[in-house]
Structures are given as structure tokens and as C-alpha cells.
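Chain and residue survey
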Amino acid sequence: QSGSEDDLRLGMYVVVTGTVDDSGQRSTASLVSYDDDLQGPISAISETTAGVEKTLTVLGVQVTVDKLVTVFDDVSYDSLVVGDLVEVSGYVQSTDTIRATRIEKKENFVAGVSEIELKGSVTGLTGTTFTVNSFTVDASSADLSDLPGATLRNGQFVEVKGTLSGNTIVATRIELEDDDF
């Protein structure tokens with residue numbers, strides 16, 4: 001969706017498209033794109049470097065936060081707790097590891113109610129049920145209009161939006177993702 005400069009926040013990992021002048025000293029952005037990497041409840045926290053780094057587990061993804069580098073919004077390094085629903089932006093190091101540049105607390109997680117977002121490849125597709133990472137996705141009521149032909153296929157790299165109960169995501173929307181973002 002379109003936005004303005006006011007929608008950008010410190011710590012958001014963005015992709016900038018534009019031009020650089022002949023001197024290489026001045027550039028002009030024509031497009032700035034932002035897409036959070038993950039939104040879900042913190043299910044575990046472990047301190048990896050005493051007082052400086054923690055690893056959060058969010059929807060099975062290991063998220064490294066750094067007290068001195070990560071930007072925190074509506075939460076602090078010290079106040080992160082299991083059950084916080086957080087939006088994560090940062091450097092995706094693999095499908096299950098992110099180094100966070102920004103963590104924003106959305107609310108306290110409520111199973112079956114709070115909106116989550118998870119990216120990954122569609123596997124084990126049977127009808128409207130498939131797996132992303134270790135989560136079962138029920139896409140029977142999901143908006144698939146962003147997918148080619150509005151059709152799910154094994155191997156598609158997608159962002160699943162919906163609610164989480166146990167290990168099942170009830171999808172409300174599934175979007176094709178650019179895995180190079």
C-alpha cells in the first residue's frame with residue numbers, strides 16, 4: 001500500500017530504488033519499499049551475550065536483538081517478555097534467523113485473535129491446507145487474490161497473514177513474496 005515519508009520509522013529495513021548522479025555524490029530515491037519480516041508472539045527468550053544480546057523465538061524464527069543497535073518501539077530491551085506480540089524488521093540471515101534492526105510491540109498476544117504474519121515456502125499442499133516452516137496453514141477462507149491465478153502451489157514463497165491457535169495458522173490473506181526482499 002502507498003504511504004508517505006511519515007510512515008517510515010527508525011530501524012526499518014527498507015529497499016531503495018533510484019538514481020545516482022555522475023559524481024556518485026548525490027542520489028535520488030524514486031521508491032522506498034518496506035515490508036516487516038515477521039509478526040508474532042514471543043515464545044522464548046534467551047540471553048546470548050550478557051546484557052547486550054538476546055535471542056527471541058517468534059513463530060519458530062530465531063530473532064537476535066542487540067541492546068545497543070536494535071531500535072525498540074513500545075517496548076525496551078529489558079521489558080521484552082514471552083507473550084508479547086512483536087513486529088520484526090531486520091536482516092534475514094536464513095528462513096529461520098533474523099538480526100533485528102527494529103522491534104515494535106503491538107500488544108499482548110491472544111491466541112485465535114491477534115494477527116500474525118509469517119513468510120516461507122508452501123510445502124505439503126493438500127487442498128487448502130499446507131505447511132510454512134513448522135506451522136500448518138488453513139487457507140480455506142483466505143484471500144488469495146495476490147497469487148497468480150489466485151491459486152496456491154508448492155514452492156511459492158508467501159507471506160501468510162492470519163491468526164494462530166496452537167500450531168495452526170488460520171489464514172485471512174496470503175500474498176506472493178519476493179524472496180529477494
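Just above sits the structure.
First things first, this report covers the structure right here in the doc.

With that settled, the discussion passes to a nonpolar patch on the surface. On the surface, Leu 8, Val 16 and Val 32 cluster together to form a nonpolar patch covering roughly 240 Å² of accessible area. In this fold, Val 16 is placed in strand β1 (residues 14-20).

Side chains that carry opposite charge are capable of pairing whenever their charged atoms lie near each other. A complete count under the given rule lists 11 salt bridges for this structure. As a salt-bridge pair, Arg 99 and Glu 53 come within 3.1 Å of each other at their nearest N and O atoms. Highlighted residues: Arg 99 in strand β8 (residues 97-108) and Glu 53 in strand β4 (residues 53-58), separated in sequence by 46 residues. We classify Glu 53 as buried; its relative accessible area is 17%. Between Asp 78 and Lys 67 there is a salt bridge, with its nearest N and O atoms 3.6 Å apart. Separated by 11 residues along the polypeptide, Asp 78 in the loop between β6 (71-73) and β7 (84-94) and Lys 67 in the loop between β5 (61-66) and β6 bring together distant segments of the chain. Via salt bridges that share partners, Asp 73, Glu 87, Arg 102, Glu 104 and Lys 106 belong to a single interconnected network.

Here Leu 152 shows up in the loop between β12 (135-138) and β13 (157-165). Setting aside residues up to four positions removed in sequence, Leu 152 forms contacts with Val 122, Leu 125, Phe 130, Ala 139, Leu 144, Leu 147 and Ile 174.

The rules behind each value
Residues numbered from 1 in each chain as written. Predicted model: local features only at pLDDT ≥ 70, side-chain atom pairs only at ≥ 80, totals over all residues. Heavy atoms only, no water. Patch = residues over 30% accessible without salt bridge, like charges linked within 9 Å, V, L, I, M, F, W, Y side chains within 5 Å. Areas by Shrake-Rupley, 256 points an atom, 1.4 Å probe, with all protein chains shown as cover. Salt bridge = Lys/Arg side-chain N within 4 Å of Asp/Glu carboxyl O. Helix = DSSP H or I, 4+ residues; strand = E, 2+ residues; numbered from the N terminus. Buried < 20%, exposed > 50% of the residue type's maximum accessible area, 1.4 Å probe, protein only. Contact = heavy atoms within 4.5 Å.

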